[in-house]
Amino acid sequence: MDDVIKVNKDLYPILPLRDIVVYPNMVVPLFVGREKSIQALEEVMNNDRELFLVAQKDSTTEDPTEDNLYTHGTVASIMQLLKLPDNTVKVLVEGTSRAKIRNFIPGEKFHQVEVDLVSEIVLDDPEIEALARSCLMQFESYTKINRKISTDTFNTVSEIDDYSKIADTIASNLQIKLSQKQQILEINNLKERFELILGFLEGEIDVLQTEKRIRGRVKRQMEKTQREYYLNEQMKAIQKELGKDSEDGGDDINELEDKLESLKLPKDVREKAKSEFKKLKQMSPMSAEATVV
């Protein structure tokens, strides 16, 4: 997992990230408000340097140190930087390579790190192509049932030729935990990364389909309840038009209901009585069937 292609002795200013993992080849807009982070960005812009993007373990930590950060992150370059009126900064970054912190150097203005750039292990394995296709198929299903992701996203991913970029692009669009996204970032073996992503995709699809079934069941129950209420109101209006004395009828019904509740009946008899009483409330008192009931 830690196969290193070179040791870069240059220092990279750190940009700690809250609730996001940035992968190589990803272009991501970030909104930055912490003073140290803004100073790190200014250092990179003024000296034409790259920076190191790394996720925080706890997003509530205001000034994260080495213990608060994951060891693996992404070296990135700044594509665009815009200072906003509220003294925050919007920055567009592009990830270039996976890296692991080799040496953490705290600073007054901002923290810096020495990193080992981590190579990607791509074996000559026909399973990689099969895994890539499976991931694309599952990702298409995922975009169709997840309302938070545009269906156009799949079209964009399906046009990518590079397997590594396909894997990272799918991972960046998954609605999974930060720790799971970090786990994907730390795997440099492409086959293993595809297998992990495929597992996450299948799990998320199962959850979304279950949520969809639950929403459908709740919706049908609500519609049934509303329909019964509407029909009961219609029945009352019809009975009123037919000349039913609502007050007397209402008193009789209420009196009968009170008697039914007060009687000590066997369970099966009580259930049958309640069923008949429910039918009675929906009938016209003038009907022959109501008299029988």
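See the structure shown above.
From a predicted model like this one, the values you see are computed outputs, not experimental measurements. (Residues numbered from 1 in each chain as written. Predicted model: local features only at pLDDT ≥ 70, side-chain atom pairs only at ≥ 80, totals over all residues. Heavy atoms only, no water.)

(A) Quick peek at a positive patch on the surface. Together, Lys224, Arg227, Lys278 and Lys281 make up a positively charged patch on the protein surface. Secondary structure elements with two or more residues in the positive patch: helix H6 (190-241) and helix H8 (267-281). Lys278 gets classed as partly exposed once you look at its relative accessible area, which sits at 48%. (Patch = residues over 30% accessible without salt bridge, like charges linked within 9 Å, V, L, I, M, F, W, Y side chains within 5 Å. Areas by Shrake-Rupley, 256 points an atom, 1.4 Å probe, with all protein chains shown as cover. Salt bridge = Lys/Arg side-chain N within 4 Å of Asp/Glu carboxyl O. Lys, Arg positive; Asp, Glu negative; His and termini not counted. Charge placed at Lys NZ, Arg CZ, Asp CG, Glu CD. Helix = DSSP H or I, 4+ residues; strand = E, 2+ residues; numbered from the N terminus. Buried < 20%, exposed > 50% of the residue type's maximum accessible area, 1.4 Å probe, protein only.)

(B) Molecular detail of the packing of helix H2 (residues 126-145) against helix H4 (residues 163-173). At a closest axis distance of 11 Å, the pairing of H2 and H4 adopts a crossing angle of 30 degrees. Here H2 is positioned roughly parallel relative to H4, judged by the angle of their axes. As H2 packs across H4, the resulting crossing turns out to be left-handed. Residues Ile128, Glu129, Ala132, Cys135, Leu136, Phe139 and Tyr142 of H2 pack against Tyr163, Ile166, Ile170 and Asn173 of H4. (Axes fitted to C-alpha atoms, helices over the stretch in contact; angles between N-to-C directions. Parallel < 35°, antiparallel > 145°, perpendicular 65-115°, else oblique. Left-handed = near helix turned anticlockwise from the far one by under 90°. Contact = heavy atoms within 4.5 Å.)

(C) Molecular detail of H4. For H4, the set of buried residues is Ser164, Ile166, Ala167, Asp168, Thr169, Ile170 and Ala171. Capping the start of H4, Asp162 holds a side-chain oxygen 3.2 Å from the backbone nitrogen of Ser164, two or three residues further along. (Polar contact = N/O pair within 3.5 Å; in protein donor to acceptor, adjacent residues only side chain to side chain.)

(D) Summary view of the pairing of strand S4 (residues 72-83). Relative to S4, strand S3 (residues 51-55) runs antiparallel, the two sharing three bridges. Looking across to S4, one finds that Leu53 is bridged to Thr74. In this structure, S4 lies alongside strand S5 (residues 89-105), joined through 11 bridges in antiparallel fashion. Looking at the pairing, Thr74 lines up with Arg98 of S5. Linking two consecutive strands that pair antiparallel, namely S4 and S5, is a turn of five residues; a positive phi of about 70 degrees is found at Asn87 within it. (Pairing = 2+ DSSP bridges.)

Structural measurements only, silent on function.
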